[in-house]
Amino acid sequence: MNFSSKIVEQAVDEFAKLPGVGRKTAFRFVVHLLKKDRSELSAFAHSLLKLKEETRECKLCHNITETDICSICASPRRDRKTLMVVEDIRDMLAIESTEQFTGLYHLLGGVISPIDGIGPSDITAQHLMQRVQEEGFSELIMALRTTIEGDTTNFYLYKKLRRPGLKITTIARGVAIGGELEYADEITLGRSILHRLEYENTLTK
Amino acid sequence: MHLASLSLLNFRNHNEISLQFDKRIVCFTGANGSGKTNLLDAVYYLAFCKSYFNPADHQIINHTEALMVVQGTFDDNNEELKIYCGLKRGQRKIFKKNGREYDRLSDHIGLISAVMISPTDHFLISGGSEDRRRFLDSVISMQDRSYLENLIAYNRFLLQRNSLLRSFAERNYFDEASIEVWDMQLSQVADVIHLKRKEFITSFATVFSDIYSQIGATREIPTLNYESPLEQGSAQEILTQNMQRDRMAGTTTSGIHKDDIEFQLDGFPLKKFASQGQQKTFLLSLKIAQYYWLKAANGGNPILLLDDIFEKLDNTRVERLFNLVASDNFGQVFITDTDAKRIKKAFLQTNIEPQFIPIV
C-alpha cells in the first residue's frame, strides 16, 4: 500500500502491530479515526496513555490494577486458603466468569517454554513459592493450558511446591459439556476414560 | 477396495487420459518417458493426497498448464466411491469424495490404502537412520494411534530440552531443576516408544524374513537388528549418563531419536556386502511386510503399486513375486514395465490373466 501521507503510514504501521490486525484493517481504523472530532480522538489517545501510566501489577497476584493490591486480593469475601495458578489475566477472567471459584489467584505471566526463551525465572514462579511459604494455603489449583508446555510448568511447580498439608490439584481434562462423544478428539476422550469419575461424585448436591 | 477407472487431466506428462480397469492385475507397458510411473503416482495421489515421488504439488501440474485434475472411481464392496482432486497453480488443492469437498485432507487419508514399491525406495538402505526410523514409525502408527501421539510428544519435549541446553551453553549457566522436569517427561514417553519399537521389530522381522525366503528362495538369512541407546538402560539413565556431554554439545546426544535398524544378510551389513539384486529383494520384502501390516490395520486389501519391478531382479525372483501377489492375500495390483512380453511370461505360472494397457 502506498500512502500519500507519511503520518497516515506511521499510524497504519502502529495499528498493524496489534494482534490479529493486518495492514488493511489498520488502514480502516486510521480512516475511521480521521473522521472523528478532535476531542474524541484526544480521549482515545488519553485512555491509551493512561494504560501504562496509571495501571500496575497487583503486588500479590500480578493482576492488573490501579492500586497496590487488586480488588480480588483485597476482597474480604474471597477464600484465602485456596489459590489458583493461571497464565494471565485472560484466563483469570474466564475462570471468574464461571462464578465457581471464590479463592485467590496467582498470574504466572506465561508458561515454561525454552523454545520461546521462557524459563522459570521469566515467570512469577519465585514469587509463587514465596506466597505459598507465607500465606498458608491449603489447596493449590493449577489451571494452565493443556499443552506440553503447560503440563511441564505444572510439573515444575508441583516439584517445587509440594509440602505436607498442601493439596495440589489441576483442573479436570475431559469431554466438553453438551458435546457429542463421537466428535471428541481421541486424546481427550482417552484421557477422560483414564480419569473417569465415580458417578456418585458427579451428582449436584 | 478396487479402482475401476482413472482419469487424468494435465497430471505430469498426461494431458488427458481415461482408463478402465477390469482385472485384478493391471500392467502399464510402454517406452521410457511414456508416463507409466506417473499413472501409479496418480493412484497413490488419490490415496494419500500427495505424490510418492515429488513433494512439490505445483510440479505435478503439466509444465504448460495451469490446472490439473485426478479422478478415480473405486469399488468399495459394491459401493461406488468417486474421488476427485483438483489443483490450480497458486491455489490450495481440492479433494472431494462423491462430490463433497473434504474440510481437511487428513479426513481422507486412510480411506484408500495403497503401498508403492519403487526403485527410489533404495534410500531405505543408502540413506541415514532418519529414513529408516520414518519407515518404522509409519508402519507402527498405522495400527497404533497412541504410538503416534507419544512420538509427537517426544519430539516436542526433545525440541524444548534442546533449546534449554543451547541457552545454558550460550549463557554459560546451568539449572538442574529446569532440565529435570523435561528429562522426567521425555524419559516417560521414550521408554514407551522404545518398548513398542522393540516388540514391533520382533514380530515384523518374522513376517519379513518369511517373505524374503519366498521371493529369494535361498538359504540367505536376512535380519533386522534394532539398535537403540535404550538397550543399555532406561531413558532416564541414558539422559543422566550423558548429561555432561549434552551440556557441552548444547543438544541431547543420545536417546530414541538416534535409533536405527541395521539390515543384515547372513550376518553382514546389507549396504556393504549384498549384491544389488539381494538389496532389491530385501527392500521388496520390507515393503510387502508393510503391506501385510496395512492390511491387518485396515481390514481390506490395499492397492499394490509395483514400479519398474524387473529392475535389478532376475526373472525367477520376479516370477516368484508375481506368484505371491497373484494369491488371494493380495488385492488389486498395478505393474509398470517397458516390455509386455516379459510380464506375460512371468505370469504364465499363475492362472491369472492380467489386463495390459499400452501407454504411448
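Residues numbered from 1 in each chain as written. Chains lettered and ligands numbered in written order. Predicted model: local features only at pLDDT ≥ 70, side-chain atom pairs only at ≥ 80, totals over all residues. Heavy atoms only, no water.

1. Brief notes about the interface of chain B and chain A
Move 1: Between chain B and chain A, the residue contacts involve 16 residues of the former and 15 residues of the latter.
Move 2: Taken together, both faces of the contact between chain B and chain A bury some 1,400 Å²; the carbon and sulfur share is 67%.
Move 3: Among the residues of chain B in contact with chain A, Q160(B), V181(B) and W182(B) are the three that bury the most area, contributing 32% of the side total.
Move 4: Summed over the shared surface of chain B and chain A, the result is 2 salt bridges.
Move 5: Of the charged contacts in the structure, one is a salt bridge between K159(A) and E180(B), with a shortest N-O distance of 2.7 Å.
Move 6: The tally of links from chain B across to chain A stands at 6 residue pairs in polar contact (both at pLDDT 80 or more).
Move 7: When residues of the side of chain B that touches chain A are traced back to their parent elements, those giving at least two are α4 (145-171) and α5 (176-216) of chain B.
Move 8: Counted by class, the side of chain B that touches chain A contains 8 nonpolar, 4 polar and 4 charged residues. (Contact = heavy atoms within 4.5 Å. Buried area = accessible area lost by both parts, 1.4 Å probe. Salt bridge = Lys/Arg side-chain N within 4 Å of Asp/Glu carboxyl O. Polar contact = N/O pair within 3.5 Å; in protein donor to acceptor, adjacent residues only side chain to side chain. Helix = DSSP H or I, 4+ residues; strand = E, 2+ residues; numbered from the N terminus. Nonpolar A, V, L, I, M, F, W, Y, C, P; charged D, E, K, R; others polar.)

2. Here we look at the domain arrangement of chain A
Move 1: Per the domain assignment, the segments of chain A are domain 1 (6-53) and domain 2 (58-202).
Move 2: Once you take the C-alpha centre of each, domain 1 of chain A and domain 2 of chain A turn out to be 35 Å apart. (Domains from an automatic or database assignment.)

3. Looking at the layout of surface pockets
Residue and element names in this part refer to chain A.
Move 1: One number sums up the size of the second largest pocket: a volume of about 450 Å³.
Move 2: What lines the second largest pocket is a set of 15 residues, and nearest its centre among them are A172, R173, G174, H195 and L197.
Move 3: For the lining of the second largest pocket, the elements supplying multiple residues, two or more each, are α8 (186-194) and α9 (199-202).
Move 4: In the lining of the second largest pocket, the residues fall into 7 nonpolar, 5 polar and 3 charged. (1 Å grid on protein atoms, 1.4 Å probe; cavity = no way out; pocket = protein on both sides within 12 Å on 5 of 7 lines; lining within 4 Å. Points joined across faces, edges and corners; volume = space filled by probe spheres on them.)

4. Thoughts on the nonpolar core
Residues and elements named next belong to chain B.
Move 1: L224, L286, F322 and I335 are the most contacted members of the largest nonpolar core, which has 94 residues in total.
Move 2: Of the residues forming this core, the biggest block, 16 residues, is contributed by α5.
Move 3: Each residue touching L224, except ones within four places of it in the same chain, is listed here: I201, F204, A205, F208, I261, E262, F263, F282 and L286. (Core = buried A, V, L, I, M, F, W, Y, C linked by side-chain atoms within 4.5 Å. Buried < 20%, exposed > 50% of the residue type's maximum accessible area, 1.4 Å probe, protein only.)

5. Let's talk about empty space enclosed by the protein
Residues and elements named next belong to chain B.
Move 1: A full pass over the atoms with the stated rule returns 3 cavities of 30 Å³ or more.
Move 2: What the largest cavity holds in volume is close to 90 Å³.
Move 3: In terms of residue count, the dominant contributor to the lining of the largest cavity is helix α9 (residues 276-298) (4 residues).
Move 4: Along the lines of polarity and charge, the residues of the lining of the largest cavity split into 4 nonpolar, 3 polar and 4 charged.
Move 5: Approximately 60 Å³ is the volume attributed to the second largest cavity.
Move 6: For the second largest cavity, the full set of lining residues is F135, L136, V139, F200, I201, F204, L224, I261, F263 and L286.
Move 7: For the lining of the second largest cavity, the secondary-structure elements that each account for two or more residues are α3 (129-143), α5 and β10 (260-265).
Move 8: Per-class residue counts for the lining of the second largest cavity are 10 nonpolar, no polar and no charged.

6. Describing a nonpolar patch on the surface
Residues and elements named next belong to chain A.
Move 1: On the surface, L41, F44, L48 and L51 cluster together to form a nonpolar patch covering roughly 360 Å² of accessible area.
Move 2: Along the polypeptide, F44 turns up in helix α3 (residues 38-54).
Move 3: For F44, a relative accessible area of 37% translates into the label partly exposed. (Patch = residues over 30% accessible without salt bridge, like charges linked within 9 Å, V, L, I, M, F, W, Y side chains within 5 Å. Areas by Shrake-Rupley, 256 points an atom, 1.4 Å probe, with all protein chains shown as cover.)

7. What about the pattern of salt bridges?
Once their charged atoms are close, side chains differing in charge can pair, the charge on each being opposite to the other.
Move 1: One pass over the structure, following the stated rule, counts 29 salt bridges over all chains.
Move 2: Put simply, R197(B) and D259(B) hold a salt bridge, and the shortest N to O gap is 2.9 Å. Highlighted residues: R197(B) in helix α5 and D259(B) in the loop between α7 (243-249) and β10, separated in sequence by 62 residues. One exposure class covers both R197(B) and D259(B), and it is buried.
Move 3: One salt-bridge network, held together by shared partners, links R56(A), K59(A) and D68(A).

8. Re a negative patch on the surface
All names here are of chain B.
Move 1: Taken together, D75, D76, E79 and E80 make up a surface patch of like negative charges.
Move 2: For the negative patch, the secondary structure elements donating two or more residues are β4 (67-76) and β5 (79-88).
Move 3: What makes E80 exposed here is its relative accessible area of 55%. (Lys, Arg positive; Asp, Glu negative; His and termini not counted. Charge placed at Lys NZ, Arg CZ, Asp CG, Glu CD.)

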